[in-house]
There are 4 protein chains.
Amino acid sequence: MSGNTFGTLFTVTTFGESHGPALGGVVDGCPPGLALTEADLQVELDRRRPGRSKHTTQRRESDQVQILSGVFEGVTTGTPIGLLIENTDQRSKDYSEIAQRFRPGHADYTYQQKYGVRDYRGGGRSSARETAVRVAAGAIARRYLAQRLGIEIRGRLAQMGGIELGAEDWSAVDDNDFFCADPARIPELEALIQEVRKAGDSVGAAVEVEVRHVPPGLGEPVFDRLDADLAKALMSINAVKGVEVGAGMAAAGQRGSAHRDELTPAGFAGNQSGGVLGGISSGQDLVVRAALKPTSSMLIPGRSVDVHGEPVSVVTKGRHDPCVGIRAVPIAEAMAALVVMDHWLRHRAQNADVESGTPVLPARDRE
Amino acid sequence: MSGNTFGTLFTVTTFGESHGPALGGVVDGCPPGLALTEADLQVELDRRRPGRSKHTTQRRESDQVQILSGVFEGVTTGTPIGLLIENTDQRSKDYSEIAQRFRPGHADYTYQQKYGVRDYRGGGRSSARETAVRVAAGAIARRYLAQRLGIEIRGRLAQMGGIELGAEDWSAVDDNDFFCADPARIPELEALIQEVRKAGDSVGAAVEVEVRHVPPGLGEPVFDRLDADLAKALMSINAVKGVEVGAGMAAAGQRGSAHRDELTPAGFAGNQSGGVLGGISSGQDLVVRAALKPTSSMLIPGRSVDVHGEPVSVVTKGRHDPCVGIRAVPIAEAMAALVVMDHWLRHRAQNADVESGTPVLPARDRE
Amino acid sequence: MSGNTFGTLFTVTTFGESHGPALGGVVDGCPPGLALTEADLQVELDRRRPGRSKHTTQRRESDQVQILSGVFEGVTTGTPIGLLIENTDQRSKDYSEIAQRFRPGHADYTYQQKYGVRDYRGGGRSSARETAVRVAAGAIARRYLAQRLGIEIRGRLAQMGGIELGAEDWSAVDDNDFFCADPARIPELEALIQEVRKAGDSVGAAVEVEVRHVPPGLGEPVFDRLDADLAKALMSINAVKGVEVGAGMAAAGQRGSAHRDELTPAGFAGNQSGGVLGGISSGQDLVVRAALKPTSSMLIPGRSVDVHGEPVSVVTKGRHDPCVGIRAVPIAEAMAALVVMDHWLRHRAQNADVESGTPVLPARDRE
Amino acid sequence: MSGNTFGTLFTVTTFGESHGPALGGVVDGCPPGLALTEADLQVELDRRRPGRSKHTTQRRESDQVQILSGVFEGVTTGTPIGLLIENTDQRSKDYSEIAQRFRPGHADYTYQQKYGVRDYRGGGRSSARETAVRVAAGAIARRYLAQRLGIEIRGRLAQMGGIELGAEDWSAVDDNDFFCADPARIPELEALIQEVRKAGDSVGAAVEVEVRHVPPGLGEPVFDRLDADLAKALMSINAVKGVEVGAGMAAAGQRGSAHRDELTPAGFAGNQSGGVLGGISSGQDLVVRAALKPTSSMLIPGRSVDVHGEPVSVVTKGRHDPCVGIRAVPIAEAMAALVVMDHWLRHRAQNADVESGTPVLPARDRE
């Protein structure tokens, strides 16, 4: 209830601070019989890992994940899967001066007010290092979804600062440091990052995730809609300020005749809905986007107050991403995987023996 | 787990279909000793009520709410509050022809695939009539928040189609049919609605909600962030496709030096954060927005399929709002009230005896 | 979180006080496609109903249940089932004098300390009238379990005061006022009730419930064991002070060689386990018992204090059961049904595609 | 939802198998500002530890617990507390022959049916080794309850086989290997254990736990009663078959005039209720008991079947407690601590500002 658990049937509970001895967590509810090794998790962790490219934080963490339980002879047993990732490169000295002052745009002030005490080293629990465990957990969900249901999840950088990016070539995403599916624009991205870094500033970004081959019927109507849970999942990622499904915020400007996706025997005639109608998956691709604010850690001095309320100036000299949005791509994919997995289990709990009698419409081909 | 309950400590569970005998629900976790009458709930229900203005559906429902339990001698007792709203104007004959076909943009197809059976009358459970119970429950939360913590919640129409509206005069909101705080623009809104209605079409909208005088410290870091729960709450409202907190989607285009709200002894220097840092309230106003798609019910014929997958044409002749976004204002306010109330109880459960020692910064005055 | 909801996937949320306008609740998570009418619920409610026999409270309640949602054309739709039972015979005058004093053995004092306010009429929320909604909800679970899985649930009075009763003839249970499966002992029960009533006293009882034809595999190991959830379910019934599964408290005096139920190809050689091993159903009959204290409402004066802590004498003159344990039989059956139903859905959520490869042993025949 | 989490506001999630690399868990919801070290947890773990006395299993585990997060500079921060206990003495060879057969009285058969796969080494997840994490988590709750509320929790062996034990001298409990508060009877216990061990058999036991100085008002009426949650907590301990609160099963044989605890200005006149009325703490001592079956691991051969359903004979030669009930004392104390802690947080969430106006009666002195 203190908010460190995500999901209802397929759950991940995380623990750990940026500069503590380790991060870790428990994945509960994984169906038994799934082939799973640490390497399956590591591949996703390596995509999110700090120090992976010159455009992200230079903190070097190996992020080696250990599976401590729940897997026996290479197969999940249905019991909880304990995960552990040791912290190895926590340079606490970088952060000592923020013990008494609040970095603007960070959670320092709000943690202090909430708890009266805080682990100020690297942001403690508020650091995005916590998302490593999400990525590991998401990798388990992802593997199940792929193997049992043929569901594919893919993400890309959709915007950085003023640069909007297309989905020209999904196969390029893992071949560049930006998770960019629009390879022709990469020089622009590199130039922007350089400029921002030189200015001691940072820049925002948006990411897009698609979930493909989702069966219709996932999502609980009313409160726990599939899109509502996706919105929560994405908004729970550090720095996210906006979330869209399908047409997103642009829906406010649309006419109904343009928005509604007509149905034909060959499938839906469009995907303004982003794959969700009435909170339930339609069988079309799920399409969600999240906007991330620019990191608040930067070299440009900022006004703030100290713990006594006195004015101070803050400069953040640590190792930081000038654009945290880049590394959000695998995190957003992981969160989408967790949501879809959870709703798959919820759906089959209640509706395992449903036969609708209605043919399933083909998904609209977007490529 | 089937998604008809919202909240963790202050919960509302709803039941009821558009054309069933009644809607209702249970509000659990309300602190004892709060003065409460049916009239306190009715005032909010009347704001949401269909048939209230010429711009919304002409279905006439009195939406009279009854309190069946949990209140004794005018005061809450701490036991669950049972709510009942009888349906009185359900004209089932309007809907009989949709039993065998799926209205584009509606949940007909997804319900059929999920459950194999559906109450097709007026959309059944997927109808926005369900939100009446949310508004009643929200009114309870709102009353507690106002009386005990001085928290004020207000909402307005922020956009309709291409018309973006300012927050010029909040006091005007309840004096016009559009929940519009920009009274000079009302003629434009009226013209747009007329045009859309004549065309047999519909139009999208965006709403904004502010929660003022929130104490710092509400929200659980990591998954159950205050903003993540607000995002879920808003996305769970029928027709919502996008949700923003503070700078929202625009954050993707910002520089960090522009986004971060500096702290001064006189308060935060801006509110790009929308009142949330690290998932926890900062004491600034919470500012959230939601975009709603145009209603999919319209007179312009649409292509669809029937339950056998055969192509059909659908016209929706019932009584419908050409812009469902208008009535979303009190619903979004209610959802915000439920989220803040829940997080207040969660916060004090864990942190009731915290003294941070740090002065609380004043909220930035937006008016 | 205020404890008015039971279950995780198949949930019932109840509301209502003894002397309020109505009791009611919401059953969520019921699979779609189950044929269900109000009559299916009424038959179980009539078994629990006050005023049914001369041995139970003379309060006359028709306990007519209405289904307000979730059923369409005689079949469940998968949406929440709203239930309503109006109170018709609440004689508030009987209870006016207890507003200022605490009845010994009742919840008056603890409610006052917890909430600072209480609906003292007939015990308010602490009255066993609330269990009517449990019985209605249990009837839905029961119907599903019987129709889809062939599971049968039956209960009986196992003890009243010093009289221990056998399971000689289960078919007799619904033919007598005591839910007694040992018809030869009924004259003894009648004599005891008469004696107790004349003395202005009351007497305790124990009930036993069997769940037959349970598939193996239900129950989550560790905390949410099937037996742990049954223990909670039974202990949550008003007046229950002890709960046993299989050998129960007697297990403390046993040797392992006598307790362990050996396995043979013809089935288990005994059922000391009560049908649960490691928290998971074995396929044998579930056998649970609960002991209920004698009702604390009686004509013999008792010492107590008033709300100011001053000594007073209390006599409870209302209409009360001299043995509340009798009517607990259908309530305990309902709670067992809710637990088994919930665990069935939980089990299939995670393990729907498991094939153990191991033959299922036959259950031991107890008749 | 797979049952590896206990509690609602103060939660513990556990993971780990008997012979995996480690056990561990996450404690969430602990209030910030509590002084806490690994030594505070270790002292309780050492009481439960295997190999501690000659009467319990000879498996030697140091059970050294590590705190991986949630504590900073010796004080809890309000963030989740990660716990890790490495397994060091897992002799897998002892267990290899049970891979294909089911030990009578164990969970082997039910795990196989539920999951289709199982970690058979030492019982895997069904082993009582999992309870080490409960004890560590309970130690945190216990420390908070003692320091902030003055609540004291103590347990004792109440019965072993035919020997019923009194609460003659609570101070003796930690001075003997049996957690026995009736030191004069210890020679009898030793003789019984010797006899059972020589016979290659095992014996059942009962434990009692008291929680003292509990404030009135803890517990949610209806389903999540304090006693119902205690019943679940105790029944969730391996081998428990019966649970009693106050008068327990004996209540079935009592008259109301004997059972009801009268109230006087000097306090309650008795404690038949075990400290709970209507599911809410009365301020009297909580008194609960649990009966544990004799361990099913023994040298006397037992009939069973193998995974093909063929008859086999099973002898369990590993290192086992002849009376698992002994070590259940610190486990039962830990579970009681977790329940009381959780209900304290729940109570103050809803009722933090209640003033009942009624004087709190003194608890009855039992010593």
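The rules behind each value
Residues numbered from 1 in each chain as written. Chains lettered and ligands numbered in written order. Predicted model: local features only at pLDDT ≥ 70, side-chain atom pairs only at ≥ 80, totals over all residues. Helix = DSSP H or I, 4+ residues; strand = E, 2+ residues; numbered from the N terminus. Expected span 1.5 Å × (residues − 1). Buried ≥ 20, exposed ≤ 12 C-beta atoms within 10 Å, placed from the backbone. UniProt positions renumbered as here; feature names shortened; annotations may be inferred. Contact = placed C-beta atoms within 7 Å. Pairing = 2+ DSSP bridges. Nonpolar A, V, L, I, M, F, W, Y, C, P; charged D, E, K, R; others polar. Least-squares fit on C-alpha atoms with pLDDT ≥ 70 in both. Arc of directions from axis to C-beta. Axes fitted to C-alpha atoms, helices over the stretch in contact; angles between N-to-C directions. Parallel < 35°, antiparallel > 145°, perpendicular 65-115°, else oblique. Left-handed = near helix turned anticlockwise from the far one by under 90°.

Compared with the 34 Å implied by 1.5 Å per residue over 24 residues, the 34 Å span of helix H7 (residues 328–351) of chain C between its first and last C-alpha is a close match. By the criterion of burial, H7 of chain C is predominantly enclosed, with 24 of the 24 residues buried.

The next point concerns the UniProt feature "binding site: FMN" in chain A. In this numbering, the UniProt entry assigns the feature "binding site: FMN" to Arg 125, Ser 126, Ser 127, Asn 238, Ala 239, Gly 278, Lys 293, Pro 294, Thr 295, Ser 296, Ser 297 and Arg 319 of chain A. Along the chain, the position of Pro 294 of chain A falls in the loop between strand S16 (286–292) and strand S17 (302–305). For Pro 294 of chain A, the contacting residues outside a window of four places in its chain are Ser 202, Val 203 and Gly 204 of chain A together with Gln 254, Arg 255, Gly 256 and His 259 of chain B. With respect to the secondary-structure elements, Ser 297 of chain A resides in the loop between S16 and S17.

Take the sheet that holds strand S7 (residues 81–86) of chain D next. Across a sheet, strands are paired by hydrogen bonds formed along the backbone, either parallel or antiparallel in direction. Residue and element names in this part refer to chain D. Pairing is antiparallel in the open sheet, where five strands are placed in the order S1-S2-S3-S7-S4. One side of each edge strand has no neighbouring strand; the edge strands of this open sheet are strand S1 (5–6) and strand S4 (65–67). One ladder, built from six bridges, connects strand S3 (residues 22–28) with S7; its direction is antiparallel. For Val 26, the partnering residue across the bridge sits in S7 and is Gly 82.

At the interface, 36 residues of chain B touch 36 residues of chain C. Elements represented by at least two residues in the side of chain B that touches chain C include exactly strand S2 (11–15), strand S3 (22–28) and strand S7 (81–86) of chain B. Among the elements that take part in the side of chain B that touches chain C, S3 of chain B stands out by supplying four residues, more than any other. A breakdown of the residues in the side of chain B that touches chain C according to their chemical character gives 14 nonpolar, 17 polar and five charged.

Next up on the list: the relation of the copies chain B and chain C. Superposing chain B onto chain C requires a rotation of 180 degrees together with a translation of 0.0 Å along the rotation axis, leaving an RMSD of 0.0 Å. As the rotation angle and translation indicate, the two copies are arranged about a two-fold axis.

One widely used convention gives an interface's size as the accessible area the parts lose upon coming together. Across the contact, 103 residues belong to chain A and 103 residues belong to chain B. Sort the elements by how many residues they give to the side of chain A that touches chain B and helix H2 (residues 108–115) of chain A lands first, with seven residues. Classifying every residue of the side of chain A that touches chain B gives 40 nonpolar, 43 polar and 20 charged. Both strand S11 (residues 240–245) of chain A and strand S11 (residues 240–245) of chain B contribute to a ladder of three bridges, which runs antiparallel. By the bridge assignment for S11 of chain B, Glu 244 of chain A is matched with Gly 242 of chain B.

Next up on the list: unusual backbone geometry. Within the chain, Phe 179 of chain A stands out as a residue other than glycine whose phi angle is a positive 50 degrees. With respect to the element layout, Phe 179 of chain A can be found in the loop between strand S9 (163–164) and helix H4 (186–198).

Here we come to the UniProt feature "binding site: NADP(+)" in chain A. All names here are of chain A. When the UniProt feature table is mapped onto this chain, "binding site: NADP(+)" is found at Arg 48. The residue Arg 48 is located in helix H1 (residues 38–48) in this model. The residues touching Arg 48, leaving out its near neighbours within four places in the chain, are Thr 131, Ala 132, Val 135, Arg 327, Pro 330 and Ile 331.

Okay, helix H4 (residues 186–198) of chain B next. Residue and element names in this part refer to chain B. In a regular helix each residue adds 1.5 Å, so 13 residues correspond to 18 Å; H4 covers 18 Å between its end C-alpha atoms and thus fits that length. What H4 keeps buried is the set Leu 189, Ile 193 and Val 196. The buried residues of H4 occupy one face: seen down the axis, they fall within an arc of 65 degrees. Those residues of H4 that are exposed and aimed more than 90 degrees away from the buried face are Pro 187, Ala 191, Gln 194 and Lys 198.

All names here are of chain A. Read across the open sheet, the five strands follow the order S1-S2-S3-S7-S4; overall the sheet is antiparallel. Two strands lie at the open edges of the sheet, namely strand S1 (5–6) and strand S4 (65–67), each paired on one side alone. Relative to strand S3 (residues 22–28), strand S2 (residues 11–15) runs antiparallel, the two being bridged by five bridges. The residue bridging Thr 14 from the neighbouring strand is Gly 25, located in S3.

A separate point is the packing of helix H5 (residues 226–235) of chain A against helix H5 (residues 226–235) of chain B. Where H5 of chain A meets H5 of chain B, the axes come as close as 8 Å, and the angle between the chain directions of the two elements is 160 degrees. On the basis of the axis angle, H5 of chain A is roughly antiparallel to H5 of chain B. In this structure, H5 of chain A crosses over H5 of chain B, and the sense of that crossing is right-handed. Contacts from Asp 227, Ala 228, Asp 229, Ala 231, Lys 232 and Met 235 of chain A of H5 of chain A reach H5 of chain B at Asp 227, Ala 228, Asp 229, Ala 231, Lys 232 and Met 235 of chain B. Taken together, the residues that form the contact of H5 of chain A with H5 of chain B break down as six nonpolar, no polar and six charged.

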